[in-house]
Amino acid sequence: MAVAAVAKIERNESGISRVLEQLGARFGERLQTGQSLREQHGHTTTYIPNQAPDGVLFPENLEEVQEAVRICAEHRVPVIPFGVGSSLEGHVNAPAGGICLDMARMNRVLAVNQEDLDCTVEPGITREELNHYLRDTGLFFPIDPGANASLGGMAATRASGTNAVRYGTMRENVLSVTAVMADGRAVTTARRARKSSAGYDLTRLLVGSEGTLGVICALTLKLYGIPQAISGGVCPFPSVEAACQAVITTIQMGIPVARMELVNALGMQAINRYSKLDYPETPCLFLEFHGTDAGVAEQAQMFGEIAGEFSGGPFNWAREAEERQKLWKARHDFYWAGFTLRPGTKALATDVCVPISRLAECIVETEADIAETGLIAPIVGHVGDGNFHVTVLMDMEDREEIARAEGFVSRLNRRALAMEGTCTGEHGIGQGKMRYLEEEHGAEGVDVMRAIKKALDPLNIMNPGKIIGIVGE
């Protein structure tokens, strides 16, 4: 099966027709069926084919989500939750049609508990909107996947991003969720306590479930104090291997780096072209340190000394917010910058994650594979936790090139698995990586996942065709 292949699931035409009629009568213009809007709610971010839902509903509260799910369950019609559509593995496609629940109108901050360093929000609010809301409290939410993703979508895909090396991923930063299950029941998975030994960990079950078990309708999140001082900069290296060795040494020495991003030489060319910058076009690390004035200065100095040991540098770091914002804006625009290397192409964006002791080896082998395969594919990575991304630029009219790209992605995933890593550090499984799940977890592990799915969603209406296959799909 090709990497871009998508599940073929039988459509329930009569059920879809009845659901559209009932939802239209109940919600009026908040149910939209126009072709253009429906296609916007299918997968558009990478080259996985678009599979549009039959209708897009805009619920405004928990009770409306429950009502919509119950109607869909009655007629065995798929439900596909939607945040802002920034996921990369076909998560929001509708292979059997159905109803997309666009959570954009459920975007309120429900509570901020400053003394406890947590907040409760609806799923449609984005990370930037939340941090703007928190700006006067001295607190912030640190998980930053690059895109201005919705927090519900970030929880559903177990997102992480540039700050994960210090603050962790969504898995560590979601205290509780309220979700509507496949039969319309609402379940709250935990209280606000920072730890609990009470029963199964339902929070961790739903965080990362990609909408296949329930629709997240509220989240309680950890917050952090805004650092007194922040410093950051870019450090060039003579090779990817030297940069990775500097990363490994920095982590092993316990330097509390907040962000540590690798961009290879080809990626730096793209960044310079797109963002009109003049950074060295060699492998570079983008870094950021959080703490006190004295602390960030000491951390930057220590890293500079480590970089020198691997022939890196100079490490020019700055505390000015404007300079740091320019640096991270360039890094976050990496996906779009890649197209300057080959205009008119489509991108296959993929990621893997390995133990940091294997990071240099994995990236060096991956660069050699790219060169041998004859692809244009810049690399960027959250290398502080062993995670890196490859953006393969492809001519969609050239089937031979697509086959080469898919072969490369297959080897990349198996290379990471062979190094005791994972086929995805933060993009998720969705449609694009379903065939690697059993290779990673074994048949027994996937069977347990399938049993959970069948127990909680016996009709297979919750985002079907994602993560695992169900008999009958």
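Structure: see above.
Residues numbered from 1 in each chain as written. Predicted model: local features only at pLDDT ≥ 70, side-chain atom pairs only at ≥ 80, totals over all residues. Heavy atoms only, no water.

A.B. asks: What should I look at first to understand the pattern of salt bridges in this one?
C.D. replies: Side-chain pairs of opposite charge can arise where the charged atoms are in close proximity. Enumeration according to the criterion identifies 30 salt bridges in this entry. Note that aspartate 144 and arginine 127 form a salt bridge whose closest N and O atoms lie 3.0 Å from each other. Of this pair, aspartate 144 sits in the loop between strand 7 (139-140) and helix 5 (151-156) while arginine 127 sits in helix 4 (residues 127-133); the two residues are 17 residues apart in sequence, bridging distant segments of the chain. Where aspartate 369 meets arginine 411, a salt bridge forms, and the shortest distance between an N and an O atom there is 2.8 Å. Of this pair, aspartate 369 sits in helix 14 (residues 359-373) while arginine 411 sits in helix 15 (residues 399-418), placing them 42 residues apart in sequence. Of the residues examined, aspartate 369 reaches a relative accessible area of 8% and is grouped as buried. (Salt bridge = Lys/Arg side-chain N within 4 Å of Asp/Glu carboxyl O. Helix = DSSP H or I, 4+ residues; strand = E, 2+ residues; numbered from the N terminus. Buried < 20%, exposed > 50% of the residue type's maximum accessible area, 1.4 Å probe, protein only.)

A.B. asks: Would you take a moment to explain the environment of serine 176 for this structure?
C.D. replies: For serine 176, the position within the fold is in strand 8 (residues 174-181). Residues serine 176 and valine 207, spaced 31 residues apart in sequence, show a C-alpha to C-alpha distance of 9.3 Å. Not counting chain neighbours up to four residues away, the residues in contact with serine 176 comprise Thr188, Thr189, Ala190, Arg191, Thr203, Ala218, Leu219 and Thr220. (Contact = heavy atoms within 4.5 Å.)

A.B. asks: In this structure, what is going on with the sheet that holds strand 6 (residues 118-121)? I would like to understand it.
C.D. replies: Paired through their backbone hydrogen bonds, the strands of a sheet run either parallel or antiparallel. An order of 5-6-10-8-9 is seen for the five strands of this open sheet, with the pairing classed as antiparallel. Two strands in the sheet have a free side with no partner beyond their single neighbour: strand 5 (109-113) and strand 9 (186-188). The average angle at which neighbouring strand axes cross in this sheet is 15 degrees, direction not considered. When strand 8 meets strand 9, the two strands line up antiparallel, connected through three bridges. The residue of strand 9 that forms the bridge with alanine 179 is valine 187. (Pairing = 2+ DSSP bridges. Axes fitted to C-alpha atoms, helices over the stretch in contact; angles between N-to-C directions.)

A.B. asks: Could you clarify how one ought to interpret helix 14 in this entry?
C.D. replies: Every α-helical turn comprises 3.6 residues, leaving residues that sit three or four positions apart pointing alike. Between the first and last C-alpha of helix 14 there are 21 Å, a value that for 15 residues agrees with the 21 Å anticipated at 1.5 Å per step. Those residues of helix 14 lying buried are Leu359, Ala360, Cys362, Ile363, Thr366, Asp369, Ile370 and Thr373. The secondary structure elements touched by the buried residues of helix 14 are helix 9 (240-252), strand 13 (257-263), strand 17 (379-382), strand 18 (387-394) and helix 15. Note on helix 14: the residue one or two positions beyond its end, glycine 374, has a positive phi of about 75 degrees. (Expected span 1.5 Å × (residues − 1).)

A.B. asks: What am I meant to see in the nonpolar core here?
C.D. replies: In a soluble, globular protein the nonpolar side chains are often hidden away together inside. With 46 residues, the main nonpolar core has Leu285 and Phe303 as its most contacted residues. Setting aside chain neighbours within four positions, we find leucine 285 in contact with Gly233, Val234, Cys235, Phe237, Ala243, Ala246, Val247, Glu261, Leu262, Phe303 and Val383. Membership of the second largest hydrophobic core comes to 27 residues, among which are Phe141, Ile143, Ala156 and Leu223. (Core = buried A, V, L, I, M, F, W, Y, C linked by side-chain atoms within 4.5 Å.)

A.B. asks: Whenever I open this one, the side chain of lysine 433 confuses me. Can you help?
C.D. replies: Inspection of the secondary structure puts lysine 433 in the loop between helix 15 and helix 16 (434-456). One buried charged residue, lysine 433, remains without a salt bridge, the closest side chain of opposite sign being aspartate 351 at 4.1 Å. One polar contact links lysine 433 to threonine 350, side chain to side chain, over a distance of 2.9 Å. (Lys, Arg positive; Asp, Glu negative; His and termini not counted. Polar contact = N/O pair within 3.5 Å; in protein donor to acceptor, adjacent residues only side chain to side chain.)

A.B. asks: What am I meant to see in the side chain of glutamine 299 here?
C.D. replies: Within the secondary structure, glutamine 299 is located in helix 11 (residues 293-309). For glutamine 299, a relative accessible area of 10% gives the class buried. If near-sequence neighbours (up to four positions away) are discounted, glutamine 299 is found in contact with Ile255, Pro256, Phe289 and His290.

Scope: geometric values only; no functional claims are made or implied.
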